Amino acid sequence: MRTTALPSLLALALARAAVAAPPEKLPDLAELKKVSAKLARVELSADVSALPPSERAALVKILEAARVMDGLFQRQVWAGNPSLLSALARDETPLGRARLEAFLQNQGPWLRLDHDRPFLPEVGGKPESANFYPAGASKAEVEAWMKSLPEAERAKATGFFTTIRRAPDGKLVAVPYSVEYQGELAHAARLLREAAQLTQQPTLRAFLEKRAAAFLSNDYYDSDVAWMKLESSIEPTIGPYEVYEDGWFNYKAAFQAFVTIRDDAETAKLQKFSAELQEIENHLPIADALKNPKLGALAPIRVVSSIYSSGDANKGVQTAAFNLPNDERIAKEMGTKRTMLKNVQQAKFQKVLVPIAKVALSKTDQKHVSFDAFFTHILMHELMHGLGPHEIAVGGKRSTVREQLQSSYSAIEEAKADVSGLFALQHLIDKGVVDKSMERTMYTTFLASSFRSIRFGVKEAHGRGIALQLNYMLDAGAYRVAPDGTFSVDSSKVKEAVKNLTSELMTIQGHGDRARAEALLAKMAVVRPEVQRVLDKLGHVPIDIAPRFVTAEKLLAEGVSSPAPKGAAR
Ligand code: ZN
């Protein structure tokens, strides 16, 4: 039951007025449309025709459970969201429609692509603490309370799966998600158990049953382990995961779902590459002493197509790959699993990268931009994170590259994975493992994708790593800039430059040479004028995609008419 929206909204706004930012002009219809156009509309689909009836039926139930995550996440973002959404749903004016669309894209009344600017009246600024902590509490108060608790209590209060609320006596308490979100989680758990009864795949059934149990018990460990062990044509990720929405402490996990279908062709490609990794390591362009004679076990990687995402996984910029779980016990015991959403990457490629290439590259080079090269390089990037120096000796003591390079580590490591990914693919082309045609496309496609990455800025690791590579290649003559400002690859120089930069970065890592890393980044991780001139011309190109989940829509529509599974509680 929902009460009328506005009085409660107003009350909330007033309660927060003391901390809210000064009022801004709200975007009108034209402006909302402009912001929304930064995300290109795209229909996201996947081939589910190979799934037998049992799995299709299970998939429908999983999709229904995934839909529950939207409402849960909206409540986590802001207490006012549920009533706000029902008020918006009743507003049939053009502005009302645009606001509803913006609300769903942003999972709340703030524009995530425009510095969280509010687009509805009376909502104030986006609360940094989201709805994880009591309204009216200050960060200092919550922090002091957490510090005052005995160890076991503190672990609960700072844990992923509790909210902090104020008891009637005014004291702060930690409330388990299983209590705070009891109704929604019971509903989602029921749907997951129905799916578990339908599927014939044992690892999928185990995950669904255990995740359903976790929603009720608040203990997610067993279900995270079961998720790591999934070997199934359907790969669902559903529950509380990432902590970024908690702007105070990054403690509290936000609800999300990715419902995905395994991509068998890419999975086979991945296996083929994995079998070559030791051989690639042996041929790295670095001193033999820095090479690893025996690579450890590979962290699992899955290539899938997304048919639905919700909650924290469907807001603003779309996730194209993720590493989970975040539970450090599992990361230690079995590593984390990297999941790559191939069709999301493909949509981004078509809607963002191809238009960028048309501006950034010469006419000839534009022809050599290909999705296959784009995606294959992303796969190789992930694999190359596992190669090269990690555990090193510095002054006779055991250490790690991360420890030694400190704040320069991430940018150097990302650049290393990119450039050594090109090196590794070239090695496999020369060896005949990868088709020779890739040689023509991979360097050009990577150059185009550099402009896509650098657009997000050179403050964070990926952007810095990309700027470093772009400038290194320019200085080596491997990339050239024509008088009209377009870029192209010099195929006579690019292989050598890729080899040399791979050598430079891995040697810095192998010696833990922070001074050299910092000097390299200071000089190279910058946006040069010729790059800026291209970026200035990209205003019309979308930042990202806004997917419509057409396969999920179709399955859900079919699912309505199908009978309830035998023995399943409804
Ligand atoms: Zn990476």
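Residues numbered from 1 in each chain as written. Predicted model: local features only at pLDDT ≥ 70, side-chain atom pairs only at ≥ 80, totals over all residues. Heavy atoms only, no water.

A. Up close: the overall build of the protein chain. Scanning the protein chain from terminus to terminus reveals 25 helices and 15 strands. Scaling as 2.2 N^0.38, a compact globule of 570 residues should have a C-alpha radius of gyration of about 25 Å, and the protein chain matches this with 25 Å. Seen through its C-alpha atoms, the protein chain measures out along the principal axes to roughly 70 × 55 × 55 Å. Burial statistics for the protein chain: of 570 residues in total, 56% are counted as buried. When contacts within the protein chain are restricted to residue pairs at least 6 apart in sequence, long-range pairs at least 24 apart make up 74% of them. Taken as a whole, the protein chain presents about 25,200 Å² of accessible surface, with 54% of it coming from carbon and sulfur. The positive charge centre, built from 73 side chains, and the negative charge centre, built from 67, are 2 Å apart in the protein chain. (Helix = DSSP H or I, 4+ residues; strand = E, 2+ residues; numbered from the N terminus. Rg over C-alpha atoms; globule rule 2.2 N^0.38 Å. Buried < 20%, exposed > 50% of the residue type's maximum accessible area, 1.4 Å probe, protein only. Contact = heavy atoms within 4.5 Å. Areas by Shrake-Rupley, 256 points an atom, 1.4 Å probe, with all protein chains shown as cover. Lys, Arg positive; Asp, Glu negative; His and termini not counted. Charge placed at Lys NZ, Arg CZ, Asp CG, Glu CD.)

B. Summary view of the nonpolar core. Of all hydrophobic cores here, the largest spans 82 residues; its most connected members are Ile280, Met380 and Phe451. If near-sequence neighbours (up to four positions away) are discounted, methionine 380 is found in contact with Phe273, Ile280, Gly421, Ala424, Leu425 and Leu428. Listed in part, the 76 residues of the second largest apolar core include Tyr181, Ile234, Ala257 and Ile545. (Core = buried A, V, L, I, M, F, W, Y, C linked by side-chain atoms within 4.5 Å.)

C. Main features of the sheet that holds strand E10 (residues 337-341). The mixed open sheet is built from five strands, whose spatial order is E6-E7-E8-E10-E9. Two strands lie at the open edges of the sheet, namely strand E6 (234-240) and strand E9 (321-324), each paired on one side alone. Sheet twist, expressed as the mean angle between neighbouring strand axes with direction ignored, is 35 degrees. Judged from the four bridges that link them, strand E8 (residues 301-311) and E10 form a sheet pairing that is parallel. Following the sheet pairing, valine 304 is matched in E10 by leucine 341. Contacting E6 and strand E7 (255-262), helix H10 (residues 202-217) runs over the sheet at an angle of about 10 degrees to E6. (Pairing = 2+ DSSP bridges. Axes fitted to C-alpha atoms, helices over the stretch in contact; angles between N-to-C directions.)

D. Seen up close, the pattern of salt bridges. For the structure shown, the criterion picks out 38 salt bridges. Of the charged contacts, one joins lysine 342 and glutamate 266 as a salt bridge, the two residues approaching to 3.0 Å between their closest N and O atoms. Linking lysine 342 in helix H15 (residues 342-360) with glutamate 266 in helix H12 (residues 264-274), this pair joins segments that are 76 residues apart in sequence. The pair lysine 342 / glutamate 266 is uniform in exposure class, with both members buried. One salt-bridge network, held together by shared partners, links Asp263, Glu266, Lys269, Lys342 and Asp372. (Salt bridge = Lys/Arg side-chain N within 4 Å of Asp/Glu carboxyl O.)

E. Inspection of the pairing of E8 at higher detail. E8 sits mainly inside the fold: eleven of its eleven residues count as buried. One ladder, built from seven bridges, connects E7 with E8; its direction is antiparallel. Of the residues in E8, the one forming a bridge with valine 259 is tyrosine 308.

F. Quick look at the packing of aromatic side chains. Enumeration over the complete set of coordinates arrives at 19 aromatic pairs. Between the aromatic rings of tryptophan 248 and phenylalanine 249, the centroid separation amounts to 6.1 Å while the plane-to-plane angle is 70 degrees, which identifies the pairing as edge-to-face. Relative accessible area serves as the criterion here: at 14%, tryptophan 248 is assigned to the buried category. Classification of phenylalanine 249 by relative accessible area gives buried; the value is 14%. Linked through ring pairs, Phe160, Phe161, Tyr177, Tyr181, Phe215, Tyr220 and Phe255 together constitute an aromatic cluster. (Phe/Tyr/Trp six-rings, centres within 6.5 Å; stacked < 30°, edge-to-face > 60°.)

G. Main features of the pairing of strand E15 (residues 544-549). Burial within E15 is extensive, with five of its six residues counted as buried. In this sheet, E15 lies alongside strand E1 (residues 39-44) in parallel orientation, the contact comprising six bridges. Within E15, the residue paired with arginine 41 across the bridge is alanine 546.

H. Here's a closer look at the confidence of the model for the protein chain. Of the residues in the protein chain, 94% have a pLDDT of 70 or more, and the chain-wide mean is 92. A low-confidence stretch, residues 1-21 stays under pLDDT 50, and its non-local contacts, those more than four residues away or across chains, total 23 contacts. Scored below 50 in pLDDT, residues 561-570 shows twelve contacts in the model against residues more than four places distant or in partner chains. (pLDDT = per-residue confidence, 0-100.)

I. Highlighting the coordination of the zinc ion. Coordination of the zinc ion by the protein comes from His381 (NE2), His385 (NE2) and Glu414 (OE), over a distance range of 2.1 to 2.2 Å. Sequence spacing of the donor residues for the zinc ion, all on one chain, is H-x3-H-x28-E. Taken together, the residues histidine 385 in the loop between helix H17 (371-384) and strand E11 (391-394) and glutamate 414 in helix H19 (residues 409-430) connect sequence positions 29 residues apart. (Donors = N, O, S within 2.8 Å, 3.2 Å for Na, K, Ca; no water.)

J. Spotlight on the side chain of threonine 199. Take threonine 199: it is sitting in the loop between helix H9 (182-198) and H10. A polar side-chain atom of threonine 199 sits 3.0 Å from the main-chain amide nitrogen of glutamine 201. Not counting residues up to four positions away in its chain, the partners in contact with threonine 199 are Ser54, Glu55, Ala58, Leu204, Arg205 and Leu208. (Polar contact = N/O pair within 3.5 Å; in protein donor to acceptor, adjacent residues only side chain to side chain.)

K. Structural context of the side chain of aspartate 327. Within the secondary structure, aspartate 327 sits in the loop between E9 and helix H14 (328-334). With relative accessibility at 13%, the residue aspartate 327 sits in the buried group. Engagement of the side chain of aspartate 327 in a polar contact is seen with the side chain of arginine 329, the distance being 2.8 Å.

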